[in-house]
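One letter stands for each residue in the lines below.
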There are 2 protein chains.
Amino acid sequence: MRALILHANKFATKVVKKSNKPGNIVSEKVNEFENEMDECIVAFFTVEKPDSENEIEKLYNEIIKASNETDTKNIMISPFVHLSNNIAEPKKAIQFYENIMSKFKNTNYIVNSSPFGYHKSLLLDIKGHPTSFRYREFNNDR
Amino acid sequence: MRALILHANKFATKVVKKSNKPGNIVSEKVNEFENEMDECIVAFFTVEKPDSENEIEKLYNEIIKASNETDTKNIMISPFVHLSNNIAEPKKAIQFYENIMSKFKNTNYIVNSSPFGYHKSLLLDIKGHPTSFRYREFNNDR
């Protein structure tokens, strides 16, 4: 799993159309075609073929760390297929996404997400302080 | 080398402070502390330890391809250290950045760049069509 965890002034996304690649992708059912969040941690993550559920825990911990260090309770979870060439099957990727979302249930974080399986426009306004960009690779052996 | 090549409505960046990691980083001398470009191809790229100059050519070709396919002559080159954990030494990274910039000399492209070696804020407004996000890994053996 790879992730880009950002400290943002603003995140906004708008669904353009359903993805049709890979062929077996099933887009998440969504009611909201626009998503927006201010003053937030944005977690883009790419699920890779060898990932186990351990990587979900590692991603969760890194998001919490970024949240704590920046005193930011708003969290935008964004499944993102553009950080690796070794991406997991869509069925696994959506399951990991649901699992990461469920870890935030019954917590004090304000969590939103960017829908899975769509082409979307993206507006990002990222702060420039030294820890506003964090790149992470999570592997079974690390 | 890894790259994220985006088709954007807008790119804007503002220098916040010099980077001090790795310890031997030397920030580019800049006169402009703010950079902005509309309707452009944005190429974020991370130079990695094993990269040879072949990777510069591959990155250049991918940028040209994205430019042609989207009919976009404005190009924003952005050295970016957040796409890999196996990053090259700063001296190599800045040299590759200068080399990629020099490949655009005497071409018809309108090229700008985001300064090397600084913490910067970043505003990105990315279109949502199917090829507005392209992730690439360039290696010696591919």
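Remember, predicted model here, so these are calculated numbers, not experimental data.

## Quick notes on the overall build of chain A
- Broken down by element type, chain A carries two helices and six strands.
- Beginning at the N terminus, the succession of helices and strands in chain A can be written as β-β-α-β-α-β-β-β.
- For 142 residues, the compact-globule formula gives about 14 Å, and the C-alpha radius of gyration of chain A, at 14 Å, lands near that figure.
- Its C-alpha atoms give chain A principal-axis dimensions of about 40 × 35 × 30 Å.
- The buried share of chain A, taken over its 142 residues, is 38%.
- For chain A, the share of sequence-separated contacts (at least 6 apart) that also reach a separation of at least 24 residues comes to 88%.

## Describing the packing of helix α1 (residues 54–70) of chain B against helix α2 (residues 90–103) of chain B
Residue and element names in this part refer to chain B.
- Packing of α1 against α2 leaves a shortest axis separation of 10 Å and a crossing angle of 45°. Taken together, the axes of α1 and α2 are oblique relative to one another. Relative to α2, the crossing made by α1 is right-handed. From α1, Ile56, Leu59 and Tyr60 reach across to α2, where they touch Phe96, Asn99, Ile100 and Lys103.

## Describing the relation of the copies chain B and chain A
- When chain B is fitted to chain A, the best match, at an RMSD of 0.0 Å, comes from turning it 180° and sliding it 0.0 Å along the axis. With respect to symmetry, the two chain copies, as superposed, fit the operation of a two-fold axis. Judged by C-alpha distance, Leu124(B) is the residue of chain B that lies nearest the rotation axis, at 2.6 Å.
- In this assembly the copies share their binding face: 100% of the residues contributing to the interface of chain B also contribute to that of chain A.

## Let's talk about unusual backbone geometry
- The amide bond that connects Lys21(A) to the next residue, Pro22(A), takes the cis arrangement and shows omega of -10°.
- Relative to the helices and strands, Pro22(A) is located in the loop between β1 (2–18) and β2 (34–46).
- A positive phi angle, close to 60°, is found at Asn106(A), a residue other than glycine.
- Here Asn106(A) is to be found in the loop between α2 (90–103) and β4 (110–113).
- By the C-beta count within 10 Å, which is 6 here, Asn106(A) ends up exposed.
- Not every positive phi belongs to a glycine, and Glu39(B) is a case in point at roughly 45°.
- The topology assignment puts Glu39(B) in strand β2 (residues 34–46).

## Considerations on the pairing of β1(A)
Residues and elements named next belong to chain A.
- Judged from the five bridges that link them, β1 and strand β6 (residues 133–137) form a sheet pairing that is antiparallel. Across the sheet, Leu6 pairs through a bridge with Phe133, a residue of β6.
- Across 12 bridges, β1 lies against β2 in antiparallel orientation. Opposite Phe11, over in β2, you have Met37 as the bridge partner.
- Here β1 runs beside strand β5 (residues 118–126); their pairing, made up of nine bridges, is antiparallel.

## Thoughts on the pairing of strand β3 (residues 74–79) of chain B
Residues and elements named next belong to chain B.
- Across the six residues of β3, five count as buried, placing the element largely inside the fold.
- When β2 meets β3, the two strands line up parallel, connected through six bridges. Its bridge partner lying in β3, Ala43 is registered against Ile77.
- Following the backbone out of β2, through α1 and into the adjacent parallel β3, one traces a crossover that is right-handed.
- Where β3 meets strand β4 (residues 110–113), four bridges bridge the pair, whose relative direction is parallel. When the bridges of β4 are listed, Ile77 appears paired with Ser113.
- Read from β3 through α2 to β4, the crossover connection turns out right-handed.

## As for α1(B)
Residues and elements named next belong to chain B.
- Between its first and last C-alpha atoms α1 spans 25 Å; for 17 residues at 1.5 Å apiece the expected length is 24 Å, and the two agree.
- Among all positions in α1, only Glu55, Ile56, Leu59, Ile63 and Ala66 are buried. Along the long axis of α1, the arc covered by the buried residues comes to 110°, so they all point the same way. Opposite its buried face, α1 presents the exposed residues Asn61, Asn68 and Glu69, each directed more than 90 degrees away.
- Tucked into the core, α1 has its buried residues touching β1 (2–18), β2, β3, α2 and β6 (133–137).
- One or two residues past the end of α1 sits Asp71, with phi positive at roughly 55°.

Here is what the cut-offs are and how they apply
Residues numbered from 1 in each chain as written. Chains lettered and ligands numbered in written order. Predicted model: local features only at pLDDT ≥ 70, side-chain atom pairs only at ≥ 80, totals over all residues. Helix = DSSP H or I, 4+ residues; strand = E, 2+ residues; numbered from the N terminus. Rg over C-alpha atoms; globule rule 2.2 N^0.38 Å. Buried ≥ 20, exposed ≤ 12 C-beta atoms within 10 Å, placed from the backbone. Contact = placed C-beta atoms within 7 Å. Axes fitted to C-alpha atoms, helices over the stretch in contact; angles between N-to-C directions. Parallel < 35°, antiparallel > 145°, perpendicular 65-115°, else oblique. Left-handed = near helix turned anticlockwise from the far one by under 90°. Least-squares fit on C-alpha atoms with pLDDT ≥ 70 in both. Pairing = 2+ DSSP bridges. Right-handed = clockwise from strand over helix to strand, strands pointing away. Expected span 1.5 Å × (residues − 1). Arc of directions from axis to C-beta.

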